[in-house]
2 protein chains.
Amino acid sequence: MLVNGNESELIPVSDRGFQYGDGLFETLAVENEAPIFLSRHLERLRRGCERLAIEYPGSDILTEEAVRICKTSRSAILKIIVTRGSGSRGFRISRDVTATRVLSIHPRPAFQIDFPITGIHTILCKNRLGINSSLAGLKHLNRLEQILARIEWDSPRIQEGLMLDSDGNVIEGTMSNLFLIRRGVLMSPDLSRCGVAGIIRALVLEVAQGNKLPIQVKSITIDDLERADEVFVTNSVIGVWPVIGFDRFHYEIGPLTRRIMQWLDERQE
Amino acid sequence: MLVNGNESELIPVSDRGFQYGDGLFETLAVENEAPIFLSRHLERLRRGCERLAIEYPGSDILTEEAVRICKTSRSAILKIIVTRGSGSRGFRISRDVTATRVLSIHPRPAFQIDFPITGIHTILCKNRLGINSSLAGLKHLNRLEQILARIEWDSPRIQEGLMLDSDGNVIEGTMSNLFLIRRGVLMSPDLSRCGVAGIIRALVLEVAQGNKLPIQVKSITIDDLERADEVFVTNSVIGVWPVIGFDRFHYEIGPLTRRIMQWLDERQE
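A quick note: this is a predicted structure, and the numbers were derived from the prediction, not measured.

Reading guide: rules and limits
Residues numbered from 1 in each chain as written. Chains lettered and ligands numbered in written order. Predicted model: local features only at pLDDT ≥ 70, side-chain atom pairs only at ≥ 80, totals over all residues. Heavy atoms only, no water. Helix = DSSP H or I, 4+ residues; strand = E, 2+ residues; numbered from the N terminus. Rg over C-alpha atoms; globule rule 2.2 N^0.38 Å. Contact = heavy atoms within 4.5 Å. Areas by Shrake-Rupley, 256 points an atom, 1.4 Å probe, with all protein chains shown as cover. Lys, Arg positive; Asp, Glu negative; His and termini not counted. Charge placed at Lys NZ, Arg CZ, Asp CG, Glu CD. Salt bridge = Lys/Arg side-chain N within 4 Å of Asp/Glu carboxyl O. Buried < 20%, exposed > 50% of the residue type's maximum accessible area, 1.4 Å probe, protein only. Pairing = 2+ DSSP bridges. Buried area = accessible area lost by both parts, 1.4 Å probe. Polar contact = N/O pair within 3.5 Å; in protein donor to acceptor, adjacent residues only side chain to side chain. Nonpolar A, V, L, I, M, F, W, Y, C, P; charged D, E, K, R; others polar. Phe/Tyr/Trp six-rings, centres within 6.5 Å; stacked < 30°, edge-to-face > 60°. Lys NZ or Arg CZ within 6 Å of the ring centre and 35° of its normal. Axes fitted to C-alpha atoms, helices over the stretch in contact; angles between N-to-C directions. Least-squares fit on C-alpha atoms with pLDDT ≥ 70 in both. Parallel < 35°, antiparallel > 145°, perpendicular 65-115°, else oblique. Left-handed = near helix turned anticlockwise from the far one by under 90°.

1. Thoughts on the overall build of chain A
Then, number 1: Scanning chain A from N- to C-terminus turns up 8 helices and 16 strands.
Then, number 2: Since a compact globule built from 269 residues should have a radius of gyration of about 18 Å, the 19 Å found for chain A is in line with a globular shape.
Then, number 3: Sequence separation of at least 24 residues holds for 72% of the intrachain contacts in chain A that already meet a minimum separation of 6.
Then, number 4: Counting every atom, chain A has about 11400 Å² of accessible surface; 49% of that belongs to carbon and sulfur.
Then, number 5: Counting 33 positive and 34 negative side-chain charges, chain A places the averaged centre of each group 3 Å from the other.

Listed below in structure tokens is the structure:
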């Protein structure tokens, strides 16, 4: 683990990441020592820092540290955290605060390997996402909504829970973005009021557009989920997981989901 | 500073307080070595832990540590943080996790001493509070909404910013609860959908009820603020600050605000 470039597993209590969740994070797949889509993750991190008025540590130093920590990792997960840094008590930000960066490497859960092929079962979470356009899209450190949602199920048969916003729109999974396919149109929830704008989500939209697949990013309802022909979720570690069950609804792993998975594989190579 | 009872200023990066803001906190005034209203704060903390399914460390140990850390402090601020503890990556909670407790003591800002007498100026923040009844009332560690709101002003003439929820209801200040008085009725925003249910707020409602003052806890609008005869904010460190300015509105420090301040003083003695 690297804390501001030094091997350490500790941070100061006064760090605003600990005090207030005042920071951002990125989670990346690592394959053969390489963090996948690193530059895209760093670009999202940079833009997130800009929106929260956190000093961005810089892509050069983060890349150098990412490469250093991924050495000898054949298959792993890299987590990058950037917080506003240590400060005095209170929400107010002092001018002389310096951002904290933490890079850590984690094992990849082995049981997940089959899910891109078998598909997954999902449920609807009771816990909802608050609406806040200032925070929408950001992968920030305020994650209690996801934690409360994740507490809702314990069965190993369920791999993900889907979450609504406080108005009842379907937004995303607790740890993934959501896609629906209906009559050849690829749909994904609008994330301008809440949710995390994932790197793989952006890539899926890119490859779909590049391959002339009709796309709609819009408000999605439970009815849309019911009527969908294909459903899948995405994130940087899992890639694409086809959804074969959502509460009482069942889906096939369809041809467009397979094609999108193939387009993504080609992009990564 | 005490981390799990030991003098330390460091916590593990793996602490879920740092990873996700997965915890709660309390801020108390300390006078002559005594944390004020400690048992009420610990009771709120216990109930908060219950709601988030965090193991409560226990009032005996927290009281012992609070007394220990407040030794020699004539006038100070005590902050108590309880997080879910250290865990593996991911939102899911492992069964064997043990809560982390951190107690720290901080100086009291000297410039605030006059505000109970002079009153304060406030503004309306553009940043709003997301609605989430699962988190409403809790003093949890997900505080980005308050931080973004606090960034909105820098003038030392402004002491607090008032925040609306995403539906436009007036909820609270960035660090305080809000009260309005109109024609002899004490009003405070309903906090069942967002906001922090403060210890002093509960006390104000108690003493008002004990003294037969009519009370309304309900949805509050900007119009209610415009029509109010008296306005004040509360928290455990500041006590009561009368509001004399809110954007273009001006208020007198009224007789009922003064009476409530007196009732509170009597309760503390």
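Back to the write-up after that little detour.
2. Looking at the pattern of salt bridges
Then, number 1: One pass over the structure, following the stated rule, counts 32 salt bridges over all chains.
Then, number 2: In this structure, the salt-bridge partner of Arg95(B) is Asp154(A), at a minimum N-O distance of 2.6 Å. Of the two residues, Arg95(B) is situated in the loop between strand 6 (75-83) and strand 7 (100-107) and Asp154(A) in the loop between helix 5 (144-150) and strand 9 (160-164); the pairing between them involves two chains.
Then, number 3: With relative accessibility at 44%, the residue Asp154(A) sits in the partly exposed group.
Then, number 4: With its nearest N and O atoms 3.1 Å apart, the salt bridge here joins Arg267(A) to Glu206(A). Placement of the pair is Arg267(A) in helix 8 (residues 255-268) and Glu206(A) in helix 6 (residues 199-210), with a sequence separation of 61 residues.

3. Observations regarding the pairing of strand 12 (residues 185-189) of chain B
The side chains of a regular strand alternate between both faces of the sheet.
Residues and elements named next belong to chain B.
Then, number 1: Counting buried residues in strand 12 gives 4 out of 5 residues, a clear majority hidden from the surface.
Then, number 2: Alignment of strand 11 (residues 177-182) against strand 12, held across 3 bridges, turns out to be antiparallel. The residue of strand 12 that forms the bridge with arginine 182 is valine 185.
Then, number 3: Hairpin remark: strand 11 followed by strand 12, antiparallel, with 2 residues in the connecting loop; positive phi at arginine 183, about 50°.
Then, number 4: Relative to strand 13 (residues 215-218), strand 12 runs parallel, the two being bridged by 4 bridges. Residue pairing for strand 13: leucine 186 is matched across the bridge by isoleucine 215.

4. Details of the interface of chain A and chain B
Then, number 1: Each partner contributes residues to the interface: chain A has 54 residues there, and chain B has 54 residues.
Then, number 2: Area buried by chain A at its contact with chain B is led by Phe18(A), Arg89(A) and Phe91(A), which between them contribute 17% of it.
Then, number 3: Linking chain A to chain B there are 4 salt bridges.
Then, number 4: Taken together, the connections running from chain A to chain B amount to 23 residue pairs in polar contact (both at pLDDT 80 or more).
Then, number 5: Considering each element in turn, the side of chain A that touches chain B owes the most residues, 6 residues, to helix 5 of chain A.
Then, number 6: Residues belonging to the side of chain A that touches chain B are distributed by class as follows: 23 nonpolar, 16 polar and 15 charged.
Then, number 7: The pairing of strand 3 (residues 10-12) of chain A with strand 3 (residues 10-12) of chain B spans 3 bridges and is classified as antiparallel. Within strand 3 of chain B, the position partnered with Pro12(A) by the bridge is Leu10(B).

5. Details of the pairing of strand 9 (residues 158-164) of chain B
Residues and elements named next belong to chain B.
Then, number 1: With 7 of 7 residues buried, strand 9 lies mostly within the body of the structure.
Then, number 2: Relative to strand 9, strand 8 (residues 120-124) runs parallel, the two sharing 4 bridges. By the bridge assignment for strand 9, isoleucine 123 is matched with glycine 161.
Then, number 3: By the bridge criterion, 3 bridges tie strand 9 to strand 10 (residues 170-173) in an arrangement that is antiparallel. Looking at strand 10, one finds that leucine 164 is bridged to valine 170.
Then, number 4: The turn joining strand 9 and strand 10, which pair antiparallel and follow one another in sequence, is formed by 5 residues; a positive phi near 95° is taken by glycine 168.

6. Details of the side chain of Lys79(B)
Then, number 1: Mapped onto the fold, Lys79(B) is located in strand 6.
Then, number 2: In this structure, Lys79(B) is buried with no salt-bridge partner, the nearest side chain bearing the opposite charge being Asp22(A) at 11 Å.
Then, number 3: If near-sequence neighbours (up to four positions away) are discounted, Lys79(B) is found in contact with Gln19(A), Tyr20(A), Arg89(A), Phe25(B), Glu26(B), Val102(B), Leu103(B), Ser104(B) and His106(B).

7. A closer look at the packing of aromatic side chains
Residue and element names in this part refer to chain A.
Then, number 1: A full pass over the atoms with the stated rule returns 10 aromatic pairs over all chains.
Then, number 2: Where phenylalanine 179 meets phenylalanine 232, the ring centres are 4.9 Å apart and the plane angle is 15°; that geometry is what we call stacked. Residue phenylalanine 179 is found in strand 11 (residues 177-182), and its partner phenylalanine 232 is found in strand 14 (residues 230-235); the two are separated by 53 residues along the sequence.
Then, number 3: Since its relative accessible area comes to 0%, phenylalanine 179 is described here as buried.
Then, number 4: Using a relative accessible area of 0% as the deciding quantity, one classes phenylalanine 232 as buried.
Then, number 5: Taken together, a centroid distance of 5.8 Å and an interplanar angle of 45° make the contact between phenylalanine 246 and phenylalanine 249 tilted.
Then, number 6: Owing to a relative accessible area of 9%, phenylalanine 249 belongs among the buried residues under this scheme.
Then, number 7: It is arginine 150 that lies over the ring of tryptophan 153; its NZ or CZ is 4.0 Å from the centre.

8. Describing the sheet that holds strand 2 (residues 6-7) of chain A
Residue and element names in this part refer to chain A.
Then, number 1: The 6 strands lie next to each other as 2-1-7-6-4-5, forming an open sheet whose pairing is antiparallel. Two strands in the sheet have a free side with no partner beyond their single neighbour: strand 2 and strand 5 (34-35).
Then, number 2: Judged from the 9 bridges that link them, strand 4 (residues 23-31) and strand 6 (residues 75-83) form a sheet pairing that is antiparallel. Bridge pairing links glycine 23 to threonine 83 in strand 6.
Then, number 3: Of the strands in this sheet, strand 4, strand 5 and strand 6 are in contact with helix 2 (residues 38-52), which crosses strand 4 at around 180°.

9. A few points about the relation of the copies chain A and chain B
Then, number 1: Mapping chain A onto chain B calls for a screw motion: a turn of 180° about the axis and a shift of 0.0 Å along it, with 0.0 Å RMSD after fitting. The superposition of one copy onto the other is thereby described by a two-fold rotation axis.
Then, number 2: A symmetric contact is evident, with 100% of the interface residues of chain A recurring at the interface of chain B.

10. A short note on the packing of helix 2 of chain A against helix 3 (residues 59-70) of chain A
Residue and element names in this part refer to chain A.
Then, number 1: As a packed pair, helix 2 and helix 3 sit with axes 11 Å apart at the nearest point and diverge in direction by 135°. Classified by the interaxial angle, the pair formed by helix 2 and helix 3 is oblique. Crossing angle aside, the handedness with which helix 2 passes helix 3 is right-handed. Contacts from Leu38, Leu42 and Leu45 in helix 2 reach Ser59, Leu62, Thr63 and Ala66 in helix 3.
Then, number 2: Classifying every residue of the contact of helix 2 with helix 3 gives 5 nonpolar, 2 polar and no charged.

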